Amino acid sequence: MEITIDIIDNGALRFLRDMEFLKLIQVRKPVVKEKKKALKLSEKFAGALHLSDEQYADFQTYIKEGRDEWERNIY
């Protein structure tokens, strides 16, 4: 069985150490989780579409045309 506790008083810590000495419990050091380096979206999704060179070129053309449409002046 595994539980997590918060020590409020140092006396409680001594009590836990005594219980550990009597082999009633086992006190372990807390696990420190490493922070993952945040990836840029370009790194995270690079190659995710699995497109051929031709499909990639078509996709880029489609995206560029879509962007150009927003730059038009509509009156």
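Residues numbered from 1 in each chain as written. Predicted model: local features only at pLDDT ≥ 70, side-chain atom pairs only at ≥ 80, totals over all residues. Heavy atoms only, no water.

### Description of the overall build of the protein
The number of helices and strands found in the protein is three helices and zero strands. Along the chain direction, N to C, the helices and strands of the protein fall in the order α-α-α. For 75 residues, the compact-globule formula gives about 11 Å, and the C-alpha radius of gyration of the protein, at 29 Å, lies well above that figure. With respect to the three principal axes, the spread of C-alpha positions in the protein is 80 × 35 × 20 Å. Within the protein, buried positions represent 1% of all 75 residues. Treating the 14 positive side-chain charges of the protein as one cloud and the 14 negative ones as another, the clouds have centres 10 Å apart. (Helix = DSSP H or I, 4+ residues; strand = E, 2+ residues; numbered from the N terminus. Rg over C-alpha atoms; globule rule 2.2 N^0.38 Å. Buried < 20%, exposed > 50% of the residue type's maximum accessible area, 1.4 Å probe, protein only. Lys, Arg positive; Asp, Glu negative; His and termini not counted. Charge placed at Lys NZ, Arg CZ, Asp CG, Glu CD.)

### Considerations on a nonpolar patch on the surface
On the surface, Met1, Ile3, Ile5, Ile7 and Leu13 cluster together into a nonpolar patch covering about 590 Å² of accessible area. If you trace the backbone, isoleucine 3 turns up in the segment before α1 (10-21). Under the relative-accessibility criterion, isoleucine 3 is labelled exposed at 65%. (Patch = residues over 30% accessible without salt bridge, like charges linked within 9 Å, V, L, I, M, F, W, Y side chains within 5 Å. Areas by Shrake-Rupley, 256 points an atom, 1.4 Å probe, with all protein chains shown as cover. Salt bridge = Lys/Arg side-chain N within 4 Å of Asp/Glu carboxyl O.)

### Some words on unusual backbone geometry
In this structure, lysine 23 is a non-glycine residue whose phi angle is positive, near 60 degrees. Here lysine 23 shows up in the loop between α1 and α2 (41-44). By relative accessible area, which is 75% here, lysine 23 ends up exposed. With phi around 50 degrees, histidine 50 is a residue other than glycine that occupies positive phi space. Looking at the element boundaries, histidine 50 is found in the loop between α2 and α3 (53-70).

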